[in-house]
Amino acid sequence: MDFSLKNLADIILLYMENLIPTKKSKLYKKNLKILKQQDWFNELRNGYNPVFLMNISIREKIIEYDEKLNQQEYKSELKEVLRKELG
């Protein structure tokens, strides 16, 4: 019950956030587009189902993405956030 309420709250916040475009939301969309082109990210997305993109902590981690970062380090950090948030 608590899990579904949290997911519902995340979905509502996501919807409200998408109504008003901000610098953060533009950066999220740009980074998500880049990440979707990478095989390892698509494997994560398929493994955890697309709902994981609605999680606030994961969205924040996607916003932090930069192509100049160490890809292996970023990948492991994202997996750690996934484990903490989604089990």
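Shown above is the structure to which this text applies.
Before going into details, it helps to say that this report is about the structure given with it. Position numbers for residues start from 1 in each chain and track the written sequence from start to end. Local features in this predicted model are restricted to residues whose pLDDT is 70 or higher, and side-chain atom pairs enter the listing and the counts only when it is 80 or higher, whereas totals over whole chains, interfaces and linings include all residues. Each side-chain value is worked out from all heavy atoms of the structure, with water and hydrogens disregarded.

**Looking at the side chain of Lys 61**
Helix and strand labels come from DSSP, where a helix needs a run of H or I of at least four residues and a strand needs a run of E of at least two; each type is numbered from the N terminus. Along the chain, Lys 61 turns up in helix H4 (residues 56-63). Relative accessible area decides the class of each residue, using a 1.4 Å probe on protein chains only: under 20% of the type maximum gives buried, over 50% gives exposed, and in between gives partly exposed. Overall, the relative accessible area of 10% leaves Lys 61 in the buried class. Polar side-chain contacts of Lys 61 include one of 3.1 Å to the side chain of Glu 64. As used in this structure description, the phrase polar contact means that two N or O atoms lie within 3.5 Å; if the pair is within protein, one of them must be able to donate a hydrogen and the other to accept it, and residues adjacent in sequence are counted only when both atoms belong to side chains.

**Points about the packing of aromatic side chains**
Only centres within 6.5 Å qualify two rings of Phe, Tyr or Trp (six-membered ring in Trp) as a pair; their planes then separate them into stacked at under 30 degrees, edge-to-face at over 60, and tilted for everything else. Overall, the coordinates contain three aromatic pairs when judged by the stated rule. Between Trp 40 and Phe 41, the ring centres sit 6.0 Å apart and the planes meet at 90°, which makes this aromatic pair edge-to-face. This pair shows no difference in class: Trp 40 is buried, exactly as Phe 41 is. A centroid spacing of 6.4 Å and a plane angle of 70° characterise the contact between Trp 40 and Tyr 74, whose relative ring orientation is edge-to-face. A residue pair is termed long-range when its members are at least 10 positions apart, and Trp 40 in helix H3 (residues 39-48) and Tyr 74 in helix H5 (residues 71-86) qualify at 34 residues. The two residues Trp 40 and Tyr 74 agree in class, both being buried. The aromatic ring of Tyr 28 is capped on one face by Arg 59, whose charged end is 3.9 Å from the ring centroid. A ring is considered to have a charge above it if a Lys NZ or an Arg CZ atom is located within 6 Å of its centre and within 35 degrees of its normal.

**Re the environment of Tyr 15**
Within the fold, Tyr 15 resides in helix H1 (residues 2-19). For Tyr 15, a relative accessible area of 58% puts it in the exposed group.

**Section: the pattern of salt bridges**
Whenever Lys or Arg places a side-chain nitrogen within 4 Å of a carboxyl oxygen from Asp or Glu, that contact is recorded as a salt bridge. Under the counting rule described, the total for this entry stands at four salt bridges. Linking Glu 64 and Lys 61 is a salt bridge whose minimum nitrogen-to-oxygen distance equals 3.1 Å. Between Arg 83 and Glu 80 there is a salt bridge; the shortest N-O distance is 3.2 Å. Placement of the pair is Arg 83 and Glu 80 together in helix H5, with a separation of three residues, close to one helical turn.

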